[in-house]
Amino acid sequence: MRLPALSLPLAIMTLVSCSPVQPTPPPLAYPPTAKGEVGDTYHGTQVPDPYRWMEDLDAKDVADWVAAQNAVTDPYLAALPLRASLNARLTELWNYQRVGLPTREGGTYFYAKNTGLQRQSVIYARTALEAAPTVALDPNAISPDGTTSLAQYAPAPDATHLAYALAEGGADWQTLKVRHLASGQDLADEVRWMRFSGLSWSKDSKGFFYSRYPEPPKNKVLEAALSRQALYYHRIGTPQSEDVLVYERKDLASWLINGLVTEDGRYLLITMAEGSGNQNRLYFADRGTGRCPNVSAPVRPLIDTDDAEFAPIGNRGSVLYLRSDKDAPNRRVIAVDIANPAPAAWKTIVPEQKEALESVALIGGRIVAQYLVDVQSRLALFSLDGTREGDISLPGVGTVAGIGGREDAPEIWYGFSAPLTPSTVYRYDP
């Protein structure tokens, strides 16, 4: 049956008439914005840049302009009639408990937990799964207004200290500090100018590897071009000026350099990448098996090309397991023997599948692989020789967000969420 031509408009008119009429806000009077007579010439073409004066973030004129803009914007937004109800509903929806994947070091579990409306998650520690948690670090006590955030943390292998990084005002720059967990007090250690870097402790728990840039020029912290990132080793209890330069590449000044100590403590693995792409080079330093690892062990190339991804996931002795998309767009797991790293000697452990391999970890002597299958996650188990050992049965149709565990312990941790299920952490023991 064909509907009358007026039926749809009439329905719309009825709906509109039932809604309260919102008052029209008065027009806003924005403060004037100065224009400078500045420009550049590119290939004979003049390109004006009248607002270049705003690039000086520390200038009084810029601060005054921001304050004037806020003086117009803030009262207008505060007067919107639906603002309070929207804020209340969003607050209600956001008020639920969130827990991160645990990290186990020295027999102690460390994890992040937010009760719901805390500005930042608190880091807790448990000496056993059934033990009562204790607060290892509360970033809300460090910065009640949340302007300084906890960027990352890493417990020492013996669980006596916690290295953590703070970022101020939403900047990428991080400042490292070290906390003695038994006393809850911070050491005098302070490591600055870290950016785009991980934290990796040496096996003896005496220090950690990190990457940083040279100190930027005064008053140019947020504007200085990033160049010459280098890998350092910081020994706890010493000033940053005594940190050991482990690896740098002045010939590749714009590249990112990161270091990772294998779980057994023997090898320092160094990845280099140009920007945020997944193509990287891979180097290593054999730090020995004694009680005093050699921080200054020579760095040698393992994979000195940058035509694919070579992401370390773990090792067994000198055999290093990597996730790679070399000749495998959906990724595979390969084994490279540090004693014979020639490409001809590489072994494929988990071949490329028709589904994409998203993440992979070496846990308890097994390879745990996360695949994306028909827009949902699947967790598969493999032995170290590549034998398929089945799948982990997930709670439903959803997404795995992170895999965690140790090479010397069987338990597998993973986060899972679904459209109607908030992210939940699960423990699986094969």
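Definitions and limits used
Residues numbered from 1 in each chain as written. Predicted model: local features only at pLDDT ≥ 70, side-chain atom pairs only at ≥ 80, totals over all residues. Heavy atoms only, no water. Helix = DSSP H or I, 4+ residues; strand = E, 2+ residues; numbered from the N terminus. Buried < 20%, exposed > 50% of the residue type's maximum accessible area, 1.4 Å probe, protein only. Contact = heavy atoms within 4.5 Å. Areas by Shrake-Rupley, 256 points an atom, 1.4 Å probe, with all protein chains shown as cover. Lys, Arg positive; Asp, Glu negative; His and termini not counted. Charge placed at Lys NZ, Arg CZ, Asp CG, Glu CD. Pairing = 2+ DSSP bridges. Axes fitted to C-alpha atoms, helices over the stretch in contact; angles between N-to-C directions. pLDDT = per-residue confidence, 0-100. Patch = residues over 30% accessible without salt bridge, like charges linked within 9 Å, V, L, I, M, F, W, Y side chains within 5 Å. Salt bridge = Lys/Arg side-chain N within 4 Å of Asp/Glu carboxyl O.

Caption draft 1: Inspection of the overall build of the protein at higher detail. Looking only at helices and strands, the protein has four helices and 31 strands in total. By its C-alpha atoms, the protein is 75 × 65 × 55 Å across when sized along the principal axes. Per-residue burial over the protein gives 37% buried out of 430 residues. A separation threshold of at least 6 residues defines the contact pool for the protein, and within that pool the share at least 24 residues apart is 35%. Here the protein has roughly 24000 Å² of accessible surface; of this, 55% comes from carbon and sulfur atoms. Placing the 41 positive and 49 negative side-chain charges of the protein at their respective mean positions leaves the two points 3 Å apart.

Caption draft 2: Examining the sheet that holds strand β22 (residues 319-324) more closely. One open sheet accounts for four strands, arranged β21-β22-β23-β24; its pairing is antiparallel. Each edge of the open sheet is held by one strand with a lone partner, namely β21 (310-316) and β24 (347-350). The average angle at which neighbouring strand axes cross in this sheet is 35°, direction not considered. Pairing of strand β23 (residues 332-337) with β24 involves three bridges; the strand directions are antiparallel. Looking at β24, one finds that A335 is bridged to K347.

Caption draft 3: Highlighting the sheet that holds strand β27 (residues 376-383). Pairing in this open sheet of four strands is antiparallel, and the strands run β25-β26-β27-β28 from one edge to the other. Two strands close off the open sheet at either side, each with one partner strand: β25 (356-363) and β28 (388-392). Strand-to-strand, the axes of this sheet are offset by a mean angle of 25°, without reference to chain direction. Relative to β27, strand β26 (residues 366-373) is paired through eight bridges, and the arrangement is antiparallel. Of the residues in β27, the one forming a bridge with L372 is S377.

Caption draft 4: Seen up close, the pairing of strand β1 (residues 39-42). In terms of strand pairing, β1 meets strand β2 (residues 45-48) through four bridges, oriented antiparallel. When the sheet's bridge partners are listed, G39 is paired in β2 with P48. Between the antiparallel neighbours β1 and β2 lie two residues, among them H43 with a positive phi of about 55°.

Caption draft 5: Local environment of the confidence of the model for the protein. Chain-level pLDDT for the protein is 91 on average; 93% of the residues reach the 70-or-more range. In this model residues 1-17 is a low-confidence stretch, pLDDT under 50, and it forms zero contacts with partners more than four residues away in sequence or in other chains.

Caption draft 6: Structural view of a nonpolar patch on the surface. A surface patch of nonpolar side chains, about 260 Å² in accessible area, is lined by L57, V221 and L222. Secondary-structure assignment places L57 in the loop between β2 and α2 (60-78). L57 sits in the partly exposed class, given a relative accessible area of 45%.

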